[in-house]
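# Breakdown of the fold
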Number of protein chains: 2
Amino acid sequence: MKISLLLTGNELMTGDTIDSNSAYLAQSLKDLTLVPYIKKVVGDDLNLLVSSIKELAAVSDVLVVNGGLGPTVDDLTAQALAQAIDSPLQQNAQAMEKLEAWAERRGFVITKSNLKQTELPAACEVIDNPRGSAMGFRCVHDGCLIMCTPGVPSEFKPMVEAHLLPLIRAHGQLDIISEITRIRLFGITESGLQDTVDSEFPDWPAEVELGFRVQMPVIEVKLATVGEQARSLNTLWTEKFCARFSDYIIGRDSTRLTEALNAALLNNGLTLTTAESCTGGLIAAGITSEAGASRVFEAGYIVYSNDIKQRTLGVSAASLTTHGAVSEAVVREMVDGALSRSGADIALAISGIAGPDGGTDEKPVGTVWMAWGRQGAISARRFFFPVPRIAFQKTAAAIAMDLVRREVLGLPTDVDYFSELKKKRA
Amino acid sequence: MKISLLLTGNELMTGDTIDSNSAYLAQSLKDLTLVPYIKKVVGDDLNLLVSSIKELAAVSDVLVVNGGLGPTVDDLTAQALAQAIDSPLQQNAQAMEKLEAWAERRGFVITKSNLKQTELPAACEVIDNPRGSAMGFRCVHDGCLIMCTPGVPSEFKPMVEAHLLPLIRAHGQLDIISEITRIRLFGITESGLQDTVDSEFPDWPAEVELGFRVQMPVIEVKLATVGEQARSLNTLWTEKFCARFSDYIIGRDSTRLTEALNAALLNNGLTLTTAESCTGGLIAAGITSEAGASRVFEAGYIVYSNDIKQRTLGVSAASLTTHGAVSEAVVREMVDGALSRSGADIALAISGIAGPDGGTDEKPVGTVWMAWGRQGAISARRFFFPVPRIAFQKTAAAIAMDLVRREVLGLPTDVDYFSELKKKRA
């Protein structure tokens, strides 16, 4: 079933108003397993409205027109529909009755402008708008159900559940079985996923549609299946997908990386502390952006200079001199210092060169060392992210959080993050 | 001149992603005094893309296609354009060169999926995308300038000013005298600005168009003037605007709040340290997101629990017991402790109830205390932001940074932030 939308209003074209109605309708249509087919947005232009209604009605089973029902001269929807379906405007008795009741309830006088709102194409019936004076209206033209609705979100949205969905359901005799699974991954890109699926699953069935959405820093993969076998097909290929990409999966549905990390800590009764240099508090801010963070996080140290690394965390001058601030020795000492000072169970430390300045031949901008672990069981890894400063900080923070999540869950921490992006270095 | 937009992506149709690109483009087109003619949105459907490109190109002078340039199978724009204008896909040498340079800069391997991104219709030239691997491309077909652009907002938006507007201007032989000033403000909303201008500047001239754009946490105001007198009119009304709103202005053009804060510190030869409870590192992360932060920032303390407030910063048990963690006494002691431990010139401390839990009748969720200053000259203020957790943290962090910026610049720190919102709530 094809459902199209036509939105009208100059304010939508100038970018002064962001349309939220169409996203609301699209989300509601998911309950009927429907996705809109075409969305078109035009200004208050009669000829363009008439041609757009004709064009969309010709290729759709349902057309929802939104906006242009108001009392002013730039509200042209009724007139445009009248021309498009060749059905003259006339005063609609039901609309008049509802307008009178609306005015009565509010103690308003019906103005000449209001009366314009009761003049509808002869072929139309009213769709009730309990919140305003602009009635909706509908007709079926050449097999397409056309519904005209008010643009004011507070009037439109209640009409979706109350009237639009039932009318669509009835018109389409809907009976589709569908199954959707959403999986969230970290550490692999859209193209890395697509290439792997292409090369390793040559028999991936067309009925299981793969969709990708980047929700920085994670990727959301959707497996959508329609048809008789939807559920079993979806289950089977979700299992295969999860088995192949288990190294990268952090959860289902809307799981955030910070949420997954905090849940892992909480479920294992552990607390975490952070010692950040190049990420400057970004990791701690991520952890504490989650409600309930106080159960897993008490203290964080931002040690941006060498002097502060020594004074706050007891990093040795010798290590700083011999190995430099971006070194395995220093991040290990940062973990030690953070553990002993905070009393936390696990510490995470990070030190790197975010750029744009500060790089050397041996340690170019983008170099970063991370260490994590418990007293006496500390691990460390070096990474290289030669990307702009903000991207470097976000990537490094996300990987550091994922390493702790893995450590806590007993998963391998030698995972090959974003391997498809890395050039083989000599 | 008629400019149409074609947006593509299943995620736009399902309502999972709200399109902000088209509003951004529409706002930018105002500089050329242009308003988009038709906007059409479709999913990743080849036939629909081909027919939509043909339809829109036939009735428009310029067509901007947005989205579908990625490396995966559901990215169909190049293929659709090739069919629509009957120009076969072939590897574009310029695109290949740019992709190689992009991969080299980042140390990435070019995958098979990336290579797909260099296959463009033979009739097309590349539009540079400095932020990503998906090149834009353009051609003129039957008099219509068609430009295909990436859907990722952080890649699309810089391309608008750098490439799209000049190409549109050249295609349309637009020769408009115009003057544009962009001013950035913090602490006042769009409607607060508009209402004040309406009531206090009844003679505001129609030739000086005011535009607003929210660039969280700041507001960007654009004064756009067209016509013979553009420059002098723009200068005059920019002066009036700046005089009225000086309390809120942080800079011109693209100034960020963190950038303004760091510049204020650097220009005054001062260093800052942070002691954060409810913002959990967000303030320090903001400061260190700016290049060169090490010249003004060395140390930050994230003291999420009462125990850590005492142990790390020497906050007294008496203050915590008598006044609670969210109190003037405690944030003042946090400033004291941070100053003495870090050796910084100025400290900023913050403690509040981010929610959703932890509120009381006396201190409901949204209550926050901030203190800032130098040894012996500490100020404090209480605020109340009854908004969801993330919004609370971002608002509190931004106001705290603005207070330090004001302190350093000798501006009043009793500014009435977002006062127009409070009046509405009252």
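Residues numbered from 1 in each chain as written. Chains lettered and ligands numbered in written order. Predicted model: local features only at pLDDT ≥ 70, side-chain atom pairs only at ≥ 80, totals over all residues. Heavy atoms only, no water.

### Considerations on the overall build of chain A
Using the following cut-off: Every helix listed is a DSSP run of H or I at least four residues long, and every strand listed is a run of E at least two residues long, numbered separately from the N terminus. Within these notes, the globule rule equals 2.2 Å times the number of residues to the 0.38 power, and the radius of gyration is based on C-alpha atoms. A simple rule labels every residue: compare its accessible area, found with a 1.4 Å probe on the protein chains alone, to the largest value its type can have, and call it buried under 20%, exposed over 50%, or partly exposed in between. Contact between two residues is taken to exist if any of their heavy atoms lie within 4.5 Å; hydrogens are not considered. Note that accessible areas follow from Shrake-Rupley with a 1.4 Å probe, and for residues the cover is restricted to the protein chains shown. Charge counting treats Lys and Arg as positive and Asp and Glu as negative, with His and both chain ends excluded. Just so you know, the charge point we use is NZ for Lys, CZ for Arg, CG for Asp and CD for Glu.
Per the secondary structure count, chain A includes 15 helices and 17 strands. At 30 Å, chain A has a C-alpha radius of gyration far larger than the 22 Å of a compact globule built from 426 residues. In terms of overall dimensions, chain A has a C-alpha envelope of 90 × 55 × 40 Å along the principal axes. When the 426 residues of chain A are sorted by exposure, 56% land in the buried category. Of the contacts formed within chain A by residues at least 6 apart in sequence, a portion of 67% connects residues at least 24 apart. Surface summary for chain A: the accessible area is close to 17700 Å², and the carbon and sulfur share equals 50%. Side chains of chain A carry 40 positive and 51 negative charges; the gap between the two charge centres is 5 Å.

### Structural notes on the interface of chain A and chain B
Under the convention used in this document: Reported buried area values correspond to the accessible surface (1.4 Å probe) lost by two parts on association, with both partners' losses combined. Every case where a carboxyl oxygen of Asp or Glu lies within 4 Å of a side-chain nitrogen of Lys or Arg is listed as a salt bridge. Pairing of N or O atoms within 3.5 Å defines a polar contact, subject to two protein rules: one partner must be a possible hydrogen donor and the other a possible acceptor, and residues neighboring in sequence count only if both atoms are side-chain atoms. Each residue gets one label: Ala, Val, Leu, Ile, Met, Phe, Trp, Tyr, Cys and Pro are nonpolar, Asp, Glu, Lys and Arg are charged, and the others, such as Gly, are polar. Paired strands, as defined in this entry, are two strands with at least two bridges between them according to DSSP.
Contacts between the two partners involve 70 residues from chain A, matched on the other side by 68 residues from chain B. Interface of chain A and chain B: buried area, both sides summed, is about 5500 Å²; carbon and sulfur atoms make up 56% of it. Scanning the region where chain A abuts chain B turns up two salt bridges. We note a salt bridge from Lys40(B) to Glu55(A), for which the minimum N-O separation is 3.1 Å. Across the chain A-chain B interface, the total number found is 29 residue pairs in polar contact (both at pLDDT 80 or more). Considering every element that reaches the side of chain A that touches chain B, the biggest residue donor is strand S14 (residues 297-303) of chain A, with seven residues. Looking at the side of chain A that touches chain B, its residues break down into 30 nonpolar, 18 polar and 22 charged. Pairing between strand S2 (residues 38-42) of chain A and strand S2 (residues 38-42) of chain B: five bridges, direction antiparallel. Bridge pairing links Lys40(A) to Lys40(B) in S2(B).

### Observations regarding empty space enclosed by the protein
Rules: Only protein atoms enter the 1 Å grid used here, on which a cavity is any set of points holding a 1.4 Å probe that cannot leave and a pocket is any open set flanked by protein within 12 Å on both sides along at least five of seven lines; residues with an atom within 4 Å of a point are listed as lining. Grid points are joined across faces, edges and corners, and a volume is the space filled by probe spheres set on the points.
Evaluated as defined, the whole model comprises three cavities of 30 Å³ or more. When its volume is computed, the largest cavity comes out at roughly 290 Å³. In this structure, the largest cavity is lined by 26 residues; those nearest its centre are Asp19(A), Lys39(A), Asp19(B), Ser22(B) and Lys39(B). Of all elements in the fold, only strand S1 (3-8), helix H1 (10-13), helix H2 (21-29) and S2 of chain A together with helix H1 (10-13) and helix H2 (21-29) of chain B reach the threshold of two or more residues within the lining of the largest cavity. Its residues assigned to classes, the lining of the largest cavity shows 16 nonpolar, six polar and four charged. Each pocket or cavity is described by its volume, and for the second largest cavity that value is around 100 Å³. In terms of lining, the second largest cavity is formed by Gln27(B), Ser28(B), Asp31(B), Glu161(B), Arg182(B), Gly211(B), Phe212(B), Arg213(B), Glu220(B) and Lys222(B). Of all the elements in the fold, those that place two or more residues in the lining of the second largest cavity are H2, strand S10 (208-215) and strand S11 (218-226) of chain B. No other element matches the three residues that S10(B) contributes to the lining of the second largest cavity. Tallied by class, the residues present in the lining of the second largest cavity amount to one nonpolar, three polar and six charged.

### A few points about the pattern of salt bridges
Tallied over the entire structure, the rule returns 30 salt bridges over all chains. Sharing partners across several salt bridges, the network here consists of Lys40(A), Glu55(A), Lys40(B) and Glu55(B).

### Focus on the domain arrangement of chain A
Put simply, the rule is: Just so you know, the domain bounds were taken from an automatic or database domain assignment.
With domains assigned, chain A is organised as domain 1 (3-172), domain 2 (178-252) and domain 3 (267-421). Each of domain 1 of chain A and domain 2 of chain A has a C-alpha centre, and the two are 38 Å apart.

### Some details on the layout of surface pockets
Of the voids in this model, the second largest pocket is the one considered here, and its volume is about 530 Å³. The wall of the second largest pocket is formed by 26 residues, among which Ser294(A), Gly352(B), Ile353(B), Asp357(B) and Gly358(B) lie closest to the centre. When contributions to the lining of the second largest pocket are tallied by element, the ones reaching two or more residues are helix H12 (306-313) and strand S15 (346-352) of chain B.

### Observations concerning the packing of aromatic side chains
Note the threshold: Pairing of aromatic side chains here covers Phe, Tyr and the six-membered ring of Trp, requires ring centres within 6.5 Å, and sorts the geometry by plane angle: under 30 degrees stacked, over 60 edge-to-face, intermediate tilted. Here, over-ring charges are defined by two tests on the NZ atom of lysine or the CZ atom of arginine: distance to the ring centre within 6 Å, and angle to the ring normal within 35 degrees.
Applying the stated criterion across every chain yields a total of 22 aromatic pairs over all chains. Pairing Phe186(A) with Phe418(A) gives two aromatic rings, centres 5.9 Å apart and planes at 80°, and the pair type is edge-to-face. Taken together, the residues span a long stretch of sequence, with Phe186(A) in the loop between strand S9 (178-185) and helix H8 (190-200) and Phe418(A) in the segment after helix H15 (389-409) at a distance of 232 residues. Both residues of the pair, Phe186(A) and Phe418(A), belong to the buried class. Chaining the aromatic ring pairs together yields one cluster made of Phe186(A), Phe383(A), Phe385(A), Phe392(A), Tyr417(A) and Phe418(A). Above the plane of the ring of Phe245(B) lies Arg244(B), whose end atom (NZ or CZ) is 5.2 Å from the centre.

### Examining the nonpolar core
Rule in force here: What makes a nonpolar core is a set of buried Ala, Val, Leu, Ile, Met, Phe, Trp, Tyr and Cys residues whose side-chain atoms join them at distances within 4.5 Å.
Counting 121 residues, the largest nonpolar core has Leu185(A), Phe241(A), Met370(A), Leu185(B), Phe241(B) and Met370(B) as the members making the most contacts within it. Excluding residues that lie within four positions of it along the chain, Leu185(B) makes contacts with Leu193(B), Val218(B), Ile219(B), Val221(B), Phe241(B), Phe245(B), Tyr248(B), Ile249(B) and Ile250(B). In terms of nonpolar packing, the next biggest core, distinct from the first, is built from 61 residues, Leu120(A), Cys139(A), Ile38(B) and Leu56(B) among them.

### Focus: unusual backbone geometry
Cis geometry marks the peptide bond from Gly355(A) to Pro356(A), where omega comes out at 5°. At Asp142(A), a residue that is not glycine, the phi angle is positive and equals roughly 50°.

### Observations concerning the sheet that holds S10(B)
Working definition: the strands of a sheet are paired by backbone hydrogen bonds and lie parallel or antiparallel to each other. Residue and element names in this part refer to chain B. The condition is simple: As a rule, the C-alpha atoms of each element are fitted with a line to give its axis, helices using only the stretch in contact, and angles between N-to-C directions run from 0 to 180 degrees.
Taking strand neighbours across the sheet as the criterion, the four strands line up as S10-S11-S9-S12 in an open arrangement whose pairing is antiparallel. Here the strands that pair on one side only, and so sit at the sheet edges, are S10 and strand S12 (249-252). Along the sheet, successive strands turn relative to each other by an average axial angle of 25°, direction set aside. Most of the contacts of helix H8 (residues 190-200) go to S10, to which it runs at about 160°, and overall it touches strand S9 (178-185), S10 and S11.

### Things to note about the sheet that holds strand S11 (residues 218-226) of chain A
All names here are of chain A. Read from one edge to the other, the open sheet built from four strands follows the order S10-S11-S9-S12, with strand pairing classed as antiparallel. With partners counted over all chains shown, the strands left at the sheet margins are strand S10 (208-215) and strand S12 (249-252), one partner each. Sheet twist, expressed as the average angle between the axes of neighbouring strands with direction ignored, equals 25°. As paired strands, S10 and S11 are joined by eight bridges and run antiparallel to one another. Pairing of leucine 210 across the sheet is with leucine 223, part of S11. Running at roughly 160° to S10, H8 makes contact with S9, S10 and S11 of the sheet.

### Focus on the pairing of strand S16 (residues 367-374) of chain A
All names here are of chain A. Most of S16 sits out of view: seven of its eight residues are buried. In the sheet, S16 pairs with strand S17 (residues 377-384) via eight bridges, with the strands oriented antiparallel. For tryptophan 369, the partnering residue across the bridge sits in S17 and is arginine 382. Remark: two residues form the turn of the hairpin made by S16 and S17, two consecutive strands paired antiparallel; glycine 376 in that turn has positive phi of roughly 80°.

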